[in-house]
Amino acid sequence: MKKILLTGLATGLFMLGIVGGVNAIPLNDLFAGGTYQFDSLKLTNWSLIKNINVNTYNIDIGTGYYNNEFGVLTQHHELLVKNSQQEKSKTKTLSFDFLVTGIGVDITKVKGELGYRMIQGYSRDSPWMTGSIAIGTTQGSNDLGYSTDIYSLNQNTNTNWITLSGGRNQIWMRTTIKLNSSSLGDNSYAEAGYMMSKGYGAAFRNEFGTQPATAPVPEPATVLLFGSGLAGLASIMRRKKKST
């Protein structure tokens, strides 16, 4: 029976009301060879692909506000862009790869969701955010699917499910989060993953569908060899029985 692993991140209203601790690992520790595991999925081989104006020391990977969630967590307004003349940050981009391995399960589908705190001063030229996931059989490939999550005012919409036909024990994922602002000095801003009361929140969530891993079917040669071994063992046992 397929199991949905709900991972990640609430809308702004939920984010302000949720309490509880956070189980997280700094992203830089994962880039140094660390492993993150939750439920029946293990995440390894972390590597930074692109970093524009983001301090990765303020980015964690982990769980916290839901059971068995997996998300990109930020501290200290790390994923924030403004249009104000005093503090202008026109672009922020974070992109990284990791390998997902099922422990006793196959991965059947994947989707993502971009989180937010709020946008103020909304107009066509106000800040905006996008998030995307790309799924491949090897690092850097995109042969299993790609989906983009476009942020709009006071919404955090899901990507469509990327279905993996038949399920796979391992997939490579690339997660990208982008924040952009215009050149206008209207004091508008956009922020992903900041909880006003805690200073810590999830900016991107990942959701996986899994099913129990199918046992490999023995090859004919293996079956024949096994059968021959059993027949030989039976013959030895008969000879021993006759000699006693």
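The sections below set out a description of the structure shown in this document. (Residues numbered from 1 in each chain as written. Predicted model: local features only at pLDDT ≥ 70, side-chain atom pairs only at ≥ 80, totals over all residues. Heavy atoms only, no water.)

**Some details on the overall build of the protein chain**
Counting secondary structure elements, the protein chain contains three helices and 16 strands. A burial count over the protein chain gives 47% of its 244 residues as buried. Put simply, of all contacts in the protein chain between residues at least 6 apart along the chain, 79% involve residues at least 24 apart. For the protein chain, the exposed area adds up to about 12400 Å²; of that, 54% sits on carbon and sulfur atoms. (Helix = DSSP H or I, 4+ residues; strand = E, 2+ residues; numbered from the N terminus. Buried < 20%, exposed > 50% of the residue type's maximum accessible area, 1.4 Å probe, protein only. Contact = heavy atoms within 4.5 Å. Areas by Shrake-Rupley, 256 points an atom, 1.4 Å probe, with all protein chains shown as cover.)

**Remarks on the nonpolar core**
Core analysis: the biggest nonpolar cluster contains 37 residues, and W46, I171 and F208 have the highest contact counts within it. Leaving out residues up to four positions away in the same chain, I171 has contacts with F98, L99, V100, I107, V110, I135, G136, L144, L164 and F208. (Core = buried A, V, L, I, M, F, W, Y, C linked by side-chain atoms within 4.5 Å.)

**Remarks on the pattern of salt bridges**
Under the definition given, this model contains four salt bridges. Between R174 and D97 there is a salt bridge whose closest N-O contact spans 2.6 Å. In this pair, R174 sits in strand 14 (residues 170–180) while D97 sits in strand 8 (residues 91–102), placing the two residues 77 residues apart along the sequence. Judged by relative accessible area, R174 falls into the partly exposed class, the value being 26%. Through salt bridges that share partners, K111, E113, R205 and E207 make up one connected network. (Salt bridge = Lys/Arg side-chain N within 4 Å of Asp/Glu carboxyl O.)

**Some thoughts on the pairing of strand 14**
In terms of residue burial, strand 14 counts as a mostly covered element, since eight of its eleven residues are buried. Direction of pairing for strand 8 relative to strand 14: antiparallel, over a ladder of eleven bridges. Directly across from F98, in strand 14, lies its bridge partner M173. Of the strand pairs in this sheet, strand 11 (residues 128–136) and strand 14 are connected by nine bridges, and their pairing is antiparallel. Residue pairing for strand 14: S132 is matched across the bridge by T176. (Pairing = 2+ DSSP bridges.)

**What to know about the packing of aromatic side chains**
Across all of its chains, the model carries eight aromatic pairs by this definition. Seen from their ring centres, F38 and F208 are 6.4 Å apart, and the 50 degrees between their planes marks the pair as tilted. In this pair, F38 sits in strand 3 (residues 36–38) while F208 sits in strand 16 (residues 200–212), placing the two residues 170 residues apart along the sequence. Three or more aromatic residues link up through ring pairs in this structure, and these residues are Y36, F38, W46, F70, F96, F98 and F208. The ring of W161 is capped by K109, whose NZ or CZ atom sits 4.4 Å from the centre of that ring. (Phe/Tyr/Trp six-rings, centres within 6.5 Å; stacked < 30°, edge-to-face > 60°. Lys NZ or Arg CZ within 6 Å of the ring centre and 35° of its normal.)

**Describing the environment of N206**
Its place among the elements puts N206 in strand 16. When its relative accessible area of 0% is taken as the criterion, N206 is described as buried. Put simply, N206 and I133 are 73 residues apart on the chain and 9.0 Å apart in space, counted from C-alpha to C-alpha.

**A short note on the side chain of D60**
Along the chain, D60 falls in strand 5 (residues 59–63). A residue is classified by how much of its surface remains accessible, and D60, at 8% relative accessible area, is buried.

**So, the environment of I162**
Tracing the backbone shows I162 in strand 13 (residues 162–168). Under the relative-accessibility criterion, I162 is labelled buried at 7%. Separated by 53 residues in the primary sequence, I162 and K109 have C-alpha atoms spaced 5.3 Å apart. Not counting residues within four places of it along the chain, the set of residues in contact with I162 comprises T108, K109, V110, I133, I135, L144, G145, Y146 and S147.

**Details of the environment of D60**
Through-space distance from the C-alpha of D60 to that of A24 is 6.0 Å; in sequence the pair is 36 residues apart. Separated by 3.2 Å, the side chains of D60 and Q75 make a polar contact. (Polar contact = N/O pair within 3.5 Å; in protein donor to acceptor, adjacent residues only side chain to side chain.)

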